[in-house]
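# Chain and residue survey
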Amino acid sequence: MARRKFKKFKSAHALVSKTSVAFCVSVALLSGCKTTQNSTENIAKPTWLTTTPTSTYLVYGVGSAKNIGDTRQAQLAAQEAARLELAKQLNVSISGTTTVQQTANEKSMQFHVDELISSNVPTIQLQGVKIEQEYQLNDVNYALASFNRTEAIMQTELSINALDTQISEFNIQGTSKSELLKKAVKIKTFAAKRGKLNAYLHMLQSPFVNIPAKVNKQLETSELILNNLSFNVVSDNMQHAKVDDLLSSALTRNGIKVTQSNADFDLSFRVEWQEKYQSGTYYSVAESYMVVIENGEEKAHFNSRVKAASSFKDTAKSNAMTKLAEKLSTQLAKFIISGHS
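Residues numbered from 1 in each chain as written. Predicted model: local features only at pLDDT ≥ 70, side-chain atom pairs only at ≥ 80, totals over all residues. Heavy atoms only, no water.

Turning to the overall build of the chain, a few remarks are in order. Regarding its fold elements, the chain presents 8 helices and 8 strands. In the chain, buried positions account for 35% of the 341 residues. Partitioning the intrachain contacts of the chain with sequence separation of at least 6 by distance along the chain shows that 68% fall at a separation of at least 24. Summing over all exposed atoms, the chain offers an accessible surface of approximately 20,900 Å²; the carbon and sulfur share of this is 52%. (Helix = DSSP H or I, 4+ residues; strand = E, 2+ residues; numbered from the N terminus. Buried < 20%, exposed > 50% of the residue type's maximum accessible area, 1.4 Å probe, protein only. Contact = heavy atoms within 4.5 Å. Areas by Shrake-Rupley, 256 points an atom, 1.4 Å probe, with all protein chains shown as cover.)

Dropping the structure here:
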């Protein structure tokens, strides 16, 4: 009897123990979940969400983007927004092209040469931007970007100094006009790179690097070669004598030196005309075939077609020739830059 009572007591005690253990585990689990939830809610927001950091050598930018289902896309958008915000502080573009100010007339060959060289030189872009931190609050992603302006200024100045050395030591002599042109264009290309690096320095809020005397002399020599470039317009038919005069005048207006003797290059051309009169208006269509010759050797050839109109026949033809000359200016600029058509 006593043994049966002891067995029942032992079973009951075991049941109570198991129940107590289960209760403790449940309480522990609940307690743990509550602690985790509280810790997530209690994570302090970064101070850079409301106040952009400042530094003597670093520039910061904060960006945000709403998460509409694609978390990774929202992160990337926030990073890009941070980079753009940083760029605004420096007044510099992340991408795109820089417009280089031109001193030449917009219709002159010199302008076309400068424009072509500038377009062939890559624009200096903001590089070295780092994403320092990221944060997500509800459905919005945030990013903090930094840029070491001091280091960028130093690297840019070193690049300019390296270009100055290249320009100073460059041999700008040649045995032919074509060879001199190539070297003059090379110098101008170096100068275009230098100009864009200096513009980048300005956008980084740093002073320009002045041009050394030796570099300036080389630049003046290259300009002299290009500005003294001369062409002799030669028609293939005496009937084109008037066209010859019109073309020579039009080229001169476009900043191209035209001479009848001791020219650097001959421009041998043929022009085919189509004229039409309709409803009180004269239409003139000119199709030209131009060959650039140096010392009897063909260097390049161009084909052009233009159209002009006027109430007067001669004016229509003159306007067509002016258009032809402007087009030829661009083509000759390409020849100067590349050495071929």
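Back to the text.
Before going further, it helps to spend a moment on the pairing of strand E6 (residues 265-278). When strand E4 (residues 230-235) meets E6, the two strands line up parallel, connected through 5 bridges. Each bridged residue has a counterpart across the sheet, and for Ser235 the counterpart in E6 is Phe269. In this sheet, strand E7 (residues 281-294) lies alongside E6 in antiparallel orientation, the contact comprising 13 bridges. From the neighbouring strand, Gln278 faces E7, where its bridge partner is Thr281. Linkage of E6 to E7, two consecutive antiparallel strands, is achieved through a turn of 2 residues, within which Ser279 is found at a positive phi near 55 degrees. (Pairing = 2+ DSSP bridges.)

Our next topic: the confidence of the model for the chain. This prediction gives the chain a mean pLDDT of 80; 79% of its residues lie at or above 70. With pLDDT under 50 throughout, residues 5-9 is counted as low confidence; its partners more than four residues away or in other chains account for 0 contacts. Ignoring residues within four places in sequence, the model shows residues 12-19, a span with pLDDT below 50, making 0 contacts including any to other chains. (pLDDT = per-residue confidence, 0-100.)

Glancing now at the nonpolar core. Most often, soluble globular proteins keep nonpolar side chains buried together rather than apart. Core analysis: the largest hydrophobic core is formed by 64 residues, its most contacted members being Leu247 and Leu267. Here this core takes 11 residues from helix H5 (residues 177-203), the largest share from any one element. Ignoring any residue separated from it by four or fewer positions in sequence, one finds Leu267 in contact with Phe231, Asn232, Val233, Val234, Leu251, Met290, Val291, Val292, Leu328 and Leu332. Within the second largest apolar cluster, 6 residues are counted, among which are Leu49, Tyr60, Tyr135 and Leu144. (Core = buried A, V, L, I, M, F, W, Y, C linked by side-chain atoms within 4.5 Å.)

Once that is clear, we can look at the sheet that holds strand E3 (residues 140-148). The 3 strands lie next to each other as E1-E3-E2, forming an open sheet whose pairing is antiparallel. Unpaired on one side and paired on the other, strand E1 (58-66) and strand E2 (130-137) mark the two borders of the sheet. Adjacent strand axes in the sheet meet at a mean angle of 20 degrees when their direction is disregarded. Taken together, the 7 bridges between E2 and E3 define a ladder with antiparallel strand orientation. Among the inter-strand pairings, Lys130 is bridged to a residue of E3, identified as Ser146. Sheet strands in contact with helix H2 (residues 71-90) are E1, E2 and E3, and its direction is about 140 degrees off that of E1. (Axes fitted to C-alpha atoms, helices over the stretch in contact; angles between N-to-C directions.)

The next subject is the pattern of salt bridges. Counted under the stated rule, the structure contains 13 salt bridges. The partner of Arg83 in a salt bridge is Glu80, with the nearest N and O atoms 3.5 Å apart. With a gap of 3 residues between them, Arg83 and Glu80 both fall in helix H2, about one helical turn apart. According to the relative accessible area criterion, Arg83 is partly exposed, its value standing at 24%. For the salt bridge of Asp264 with Lys177, the shortest nitrogen-to-oxygen distance reads 3.8 Å. (Salt bridge = Lys/Arg side-chain N within 4 Å of Asp/Glu carboxyl O.)

It is worth spelling out the environment of Leu76 at this point. Along the chain, Leu76 turns up in helix H2. Its relative accessible area of 35% is what places Leu76 among the partly exposed residues. Distance in space between the C-alpha atoms of Leu76 and Ala143 is 9.0 Å, their sequence separation being 67 residues.

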